[in-house]
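Listed here are the chains, written in short residue letters.
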Amino acid sequence: AQTVTQSQPEMSVQEAETVTLSCTYDTSESDYYLFWYKQPPSRQMILVIRQEAYKQQNATENRFSVNFQKAAKSFSLKISDSQLGDAAMYFCAYRTHYGGSQGNLIFGKGTKLSVKP
Amino acid sequence: DVKVTQSSRYLVKRTGEKVFLECVQDMDHENMFWYRQDPGLGLRLIYFSYDVKMKEKGDIPEGYSVSREKKERFSLILESASTNQTSMYLCASSLAGLASYNEQFFGPGTRLTVL
């Protein structure tokens, strides 16, 4: 069974600085999808960025980028030029590419990011 | 914009009550999911449905049931609420198929307190 581990329960960053959130996963599959979701306080969970395993190029979305290391089974999220609105819980998630489980996501336990002004 | 709505943001119920949590999505998604979110435990899948009247158990189905009579609506039912079911409940939906991202879209959550 696949597992997702976020080893940092809490992180803190100064406004305008860069922070990296860690995520590792365990799988025997060769193709899969990885996601980072953001859950602001008392607000809806939204997708931040996504990566397909067969794509070697790291995904980027504006100030958000990932460092995808397939061999190491690592999928870290880098937030550049941190803003106060980036403060949230961040969840890393894995989804299979193959049959069964209808695309269920497997989530890590989350990292709570604080941004200091 | 994809919209997933949940019937209540906050709900307080008594032990033993039957509780209904409703979720509606407006994007014609085939898949719908119910999660429970607890501090330090992340999101755990309770049930999911990939078609009308179809359902499958997730990781923690005990004490819960679900109903999907229409494609856009997925209900979570607590037959006899207990204090250990006090939690945040999140609904999500996605397109079917595994050959594409088909990411899940989440509702705002229902914070349920069972007294």
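See the structure printed just above.
Now for a quick tour of the structure. Since the structure is predicted, the reported quantities are computational estimates derived from the model, not experimental observations.

Some remarks on the side chain of Thr111 of chain A
All names here are of chain A. By secondary structure assignment, the location of Thr111 is in strand β12 (residues 111-116). Thr111 sits in the buried class, given a relative accessible area of 0%. Separated by 3.4 Å, the side chains of Thr111 and Gln6 make a polar contact. Those residues in contact with Thr111 that lie beyond four places of it in its chain are Gln6, Gln8, Pro9, Glu10, Met11, Leu21, Ala88, Met89 and Tyr90.

What to know about the interface of chain A and chain B
Interfaces are often sized by the amount of accessible area the parts lose when they come together. On the side of chain B, 25 residues touch chain A, which itself brings 27 residues to the contact. In this structure, the connection of chain A to chain B is made through 1 salt bridge. Taking the shortest distance from any N to any O, the salt bridge between Glu103 of chain B and Arg50 of chain A comes out at 2.6 Å. Broken down by secondary-structure element, the contributors of at least two residues to the side of chain A that touches chain B are β5 (32-39), β6 (46-52), β10 (88-96) and β11 (105-107) of chain A. Residue composition of the side of chain A that touches chain B, grouped by class: 9 nonpolar, 13 polar and 5 charged.

Quick word on the sheet that holds strand β7 (residues 65-70) of chain B
Each strand in a sheet pairs with another by means of backbone hydrogen bonds, the pair being arranged parallel or else antiparallel. All names here are of chain B. Pairing is antiparallel across the open sheet formed by 4 strands, whose spatial order is β1-β3-β8-β7. Among the strands making up the open sheet, the edge pair consists of β1 (4-6) and β7. Recorded for the sheet is a direction-independent mean angle of 20° between the axes of neighbouring strands.

Structural notes on the state of the cysteines
Per the counting criterion, the structure on display carries 2 disulfides over all chains. Two residues share a disulfide in this structure: Cys23 of chain A and Cys92 of chain A, whose sulfurs sit 2.0 Å from each other. The S-S bond linking Cys23 of chain A to Cys92 of chain A shows a torsion near -70°; that makes this disulfide left-handed. Taken together, the residues Cys23 of chain A in the loop between β3 (19-21) and β4 (24-26) and Cys92 of chain A in strand β10 connect sequence positions 69 residues apart. The two residues Cys23 of chain A and Cys92 of chain A agree in class, both being buried. Each sulfur of the disulfide joining Cys23 of chain B and Cys91 of chain B lies 1.9 Å from the other. Across the S-S bond of Cys23 of chain B and Cys91 of chain B the torsion is about -75°, and the bridge reads as left-handed. With Cys23 of chain B in strand β3 (residues 19-25) and Cys91 of chain B in strand β9 (residues 87-94), this pair connects stretches of sequence that are 68 residues apart. Cys91 of chain B shares its class with Cys23 of chain B; the two are buried.

What counts and what doesn't
Per-chain numbering applies: the sequence of each chain, read as written, is numbered from 1 onward. Written order decides the labels, with chains lettered from A and ligands numbered from 1. With pLDDT at 70 or above as the cut-off, local features in this predicted model cover only qualifying residues; side-chain atom pairs require 80 or more to be listed or tallied, and sums for whole chains, interfaces and linings still use all residues. For side-chain calculations, the full set of non-hydrogen atoms in the structure is used, while hydrogens and water are omitted. Helix and strand labels come from DSSP, where a helix needs a run of H or I of at least four residues and a strand needs a run of E of at least two; each type is numbered from the N terminus. The buried label applies to any residue whose accessible area, calculated with a 1.4 Å probe on protein chains only, is under 20% of its type's maximum; exposed applies above 50%, and partly exposed to all values in between. Any N or O atom pair separated by 3.5 Å or less is treated as a polar contact, with the protein-specific requirement of one donor-capable and one acceptor-capable atom, and with residues adjacent in sequence counted only for side-chain atom pairs. Should any heavy atoms of two residues lie within 4.5 Å, those residues are considered in contact. Think of a salt bridge as a Lys or Arg side-chain nitrogen and an Asp or Glu carboxyl oxygen that are within 4 Å of each other. Residue classes follow a fixed rule: Ala, Val, Leu, Ile, Met, Phe, Trp, Tyr, Cys and Pro count as nonpolar, while Asp, Glu, Lys and Arg count as charged, and any other residue, Gly among them, counts as polar. Pairs of strands are assigned from DSSP output, requiring at least two bridges between the strands. Axis lines are fitted to C-alpha atoms, over the contacting stretch for helices. Their N-to-C directions set the angle, which ranges from 0 to 180 degrees. Pairs of cysteine sulfur atoms within 2.5 Å are identified as disulfides in what follows.

By themselves, these observations are geometric and do not establish any function.
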